[in-house]
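# Descriptive analysis of the structure
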Amino acid sequence: MDPVTESLGELHGRLSGLTEGEVASYIPQLAGADPADFGLALTSMAGHRYQAGQADTRFSIQSVSKPFVYALALSDLGPAEMLRRVGAEPSGEAFNAISLEPHTGRPANPMVNAGAIATTALVAAAGPAERSARILDWLSAFAGRRLDHDEEVYASEAATGDRNRALAYLMRSAGSLAGDPHVVTDTYFRQCSVRVTAADLAVMAATLAKGGVNPVTGRRAVSQDVAVRTLAVMATCGMYDGAGEWLLNVGLPAKSGVSGGLIAASPGRFGVAVYSPPLDPEGNSVRGVAALTEMSARYALHLMHAPVHLTATVTDTVHAARSARERAPGERAALDRDPRRIAVVGAQGDLEFTETEQLLTAVQAAAPATPGGVVLDLTAVTAVGSGPATMLARSLAGLEARGHQVAVALQQPFLEQVDAHPGRWVATREEAVAWCEDRFLDG
Ligand code: GLN
């Protein structure tokens, strides 16, 4: 058995014994859920899927739909308009509280019911049927498979949904709800009744963790910016009135639902989901909270935990390099006599701020004191962030200003993106060194 499945299985076995919490009872379909049902699922950034227990048991998504529908409305409206319509402040109140801003009626955040209903109303569509269809398509894209509705849950939600309707009417009277309260809450009830499994939810969470790309299908569901904003709202508001303590103890963006679903996303690592119907007084799955608290500690997932840099960025430094390029005897002799040295610094991996700062420190240390050549061998570099690219460009321009010949070797795909940068950009270290030599021979 692989170690991830083993660790999920171990957690499942141990936490099955946790029998606190109450199954939601406001509709018969939820009241009838088996309190012993307990599923765990995890999807990695490579799209590998792991699970333990009842991870294929279907249940209604309920409030776990909220971050995804928020992502949809956000994609439709853009960040400024979205924030104008629905806030991003934790309410510190229960999920179904009247969390509206005093003068504007703007709901506190999209993770509590009021904000979620207002958000659903903002999904662009010609009418309610199209809006529901878009939401279902959208959730399906995150899950990587065609989802459907639980019609019985939908009918029960609609039959008992007076409090949600009341929230919608309050918002309309304050001018903060787009559309008819009855119609909008109906769409919201359909959204809550979409059927999923813990295995589906793990893929959905992993899609947010991967910057909006579904790691199983490889398709982009949402832009990186929307994924980031959605995760941020989950981090501050996803766990209702337990959100502050959750961020403190677990430190991951998460979202819970009344049916016992709970998702968490560890950005760049994985998405995880739990299904276990008994809820704590805040309305969060008891075993879900326990499982994620343990996982976060075990794998050091807390967002505020500084990442460990395991790979050295600088691979090697050459003090005075010469190329093996074939040259006329006169030129070779001239280069042998030339006192100007060419320093080479090699680097590997992804260049983010920390790595780039390390690399540029090494380059400054290696650069000749008097005008010569500087070669950056980035052929083993796998990605360069946009901020780091600017740092790199500035540093190279500085070296040129000091009279150095500057050449950078890097992989072909990057070469196409960088023609505006200072220095000479070529495909190999050898070419970069030879290019500096050519400049020496020129003058
Ligand atoms: N359908 C539920 C409601 O609106 C969803 C709430 C939840 O999952 N917490 O009341």
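Described below are features of the structure shown in this document. Along each chain, the written sequence defines residue order, and numbers are assigned to residues from 1. Where local features are concerned, this predicted model is filtered to residues with pLDDT of at least 70; where side-chain atom pairs are given and counted, the filter is 80 or more; whole-chain, interface and lining totals use all residues. As a convention, hydrogens and water are excluded, and side-chain values are obtained from all of the structure's heavy atoms.

Turning our eyes to something else, we now look at helix α1 (residues 3–15). For α1, which comprises 13 residues, the first-to-last C-alpha distance of 18 Å matches the rise-based estimate of 18 Å (1.5 Å per residue) to within 8%. Residues of α1 that are buried include every one of T5, S7, L8, L11, H12 and L15, and no others. All buried residues of α1 lie within an arc of 165° about the axis, which places them on one face of the element. Only heavy atoms enter the contact rule, under which two residues are in contact if any of them lie within 4.5 Å. Segments assigned H or I by DSSP are reported as helices when at least four residues long, segments assigned E as strands when at least two residues long, and all are numbered from the N terminus. Against the buried residues of α1 lie β1 (39–44), β2 (49–53) and α13 (286–298). One side-chain oxygen of the residue at the start of α1 lies 3.0 Å from the amide nitrogen of V4, identifying that residue as D2. Each residue after the first adds 1.5 Å to the expected span of a helix. Three exposure classes are used, based on accessible area relative to the maximum for each residue type with a 1.4 Å probe and protein chains only: buried under 20%, partly exposed in between, and exposed over 50%. When we speak of the arc, we mean the arc of directions from the helix axis to the C-beta atoms. We call two N or O atoms a polar contact when they sit within 3.5 Å, provided that within protein one can donate a hydrogen and the other can accept it, with sequence-adjacent residues counted only if both atoms are side-chain atoms.

With respect to the helices, strands and loops of the structure, G398 is situated in helix α16 (residues 386–401). As a C-alpha pair, G398 and P422 span 24 residues in sequence and 9.4 Å in three-dimensional space.

Before going further, it helps to examine the site of the ligand. Nearness of a residue to a molecule or strand requires only that one of the residue's heavy atoms be within 4 Å of it. As a structural note, the neighbourhood of the ligand is formed by Y26, Q62, S63, F95, N113, E157, N164, Y188, C192, Y240, G257 and V258. A distance of 3.2 Å is found between a nitrogen atom of the ligand and a side-chain nitrogen or oxygen belonging to Y26. Within the side chain of E157, an N or O atom sits 3.1 Å from a nitrogen atom of the ligand. The protein chains shown are the only cover counted for residues, whose accessible areas, like all others here, come from Shrake-Rupley with a 1.4 Å probe. Look at the ligand: alone it shows 300 Å² of surface, and the protein chains cover 96% of it.

Of note in this structure, Q62 is not a glycine but carries a positive phi near 50°. By secondary structure assignment, the location of Q62 is in the loop between β3 (59–60) and α3 (66–77). Look at A300: it is not a glycine, yet its phi comes out positive at around 50°. Position of A300 among the secondary structure elements: in the loop between α13 and β9 (314–318).

Next up on the list: the packing of aromatic side chains. Any two of the Phe, Tyr and Trp rings considered here, Trp counted by its six-membered ring, make a pair once their centres fall within 6.5 Å; the pair's planes then place it as stacked at under 30 degrees, edge-to-face at over 60, or tilted in between. Scanning the model with the defined rule gives six aromatic pairs in all. Aromatic pair Y188 and F189: ring centres 5.9 Å apart, planes at 55°, arrangement tilted. Take F189: its relative accessible area is 1%, and that puts it in the buried class. Aromatic side chains F270 and Y299 sit 6.5 Å apart centroid to centroid with 80° between the ring planes, which places their arrangement in the edge-to-face category. Taken together, the residues F270 in strand β8 (residues 270–275) and Y299 in the loop between α13 and β9 connect sequence positions 29 residues apart. Of the residues examined, F270 reaches a relative accessible area of 11% and is grouped as buried. The partly exposed category is assigned to Y299, whose relative accessible area is 36%. Aromatic ring contacts, followed pair by pair, group F68, W138 and F142 into a single cluster. The cationic tip of R190 hangs over the ring face of Y154; the distance from NZ or CZ to the ring centre is 4.7 Å. Criterion for a charge above a ring: Lys NZ or Arg CZ within 6 Å of the ring centre, and within 35 degrees of the ring normal.

Where burial is concerned, most of strand β12 (residues 405–410) is hidden: five out of the six residues are buried. Judged from the six bridges that link them, strand β11 (residues 373–384) and β12 form a sheet pairing that is parallel. Within β12, the position partnered with V374 by the bridge is V406. Whether a crossover is right-handed depends on one test, that the path from the first strand over the helix to the second runs clockwise when the strands point away from the viewer. Between the parallel elements β11 and β12, the chain passes through α16 in a crossover that is right-handed. Strands are labelled as partners when DSSP assigns at least two bridges between them.

A regular strand places its side chains on the two faces of the sheet in alternate fashion. Where burial is concerned, most of β8 is hidden: six out of the six residues are buried. The two faces of β8 match: F270, V272 and V274 on one face and G271, A273 and Y275 on the other face are all buried. Pairing analysis gives six bridges linking β1 to β8, with the strands arranged antiparallel. Its bridge partner lying in β8, G39 is registered against Y275. Hairpin remark: strand β7 (residues 261–266) followed by β8, antiparallel, with three residues in the connecting loop; positive phi at G268, about 75°.

It is worth stressing that arrangement in space is one thing and function is another; only the former is reported here.
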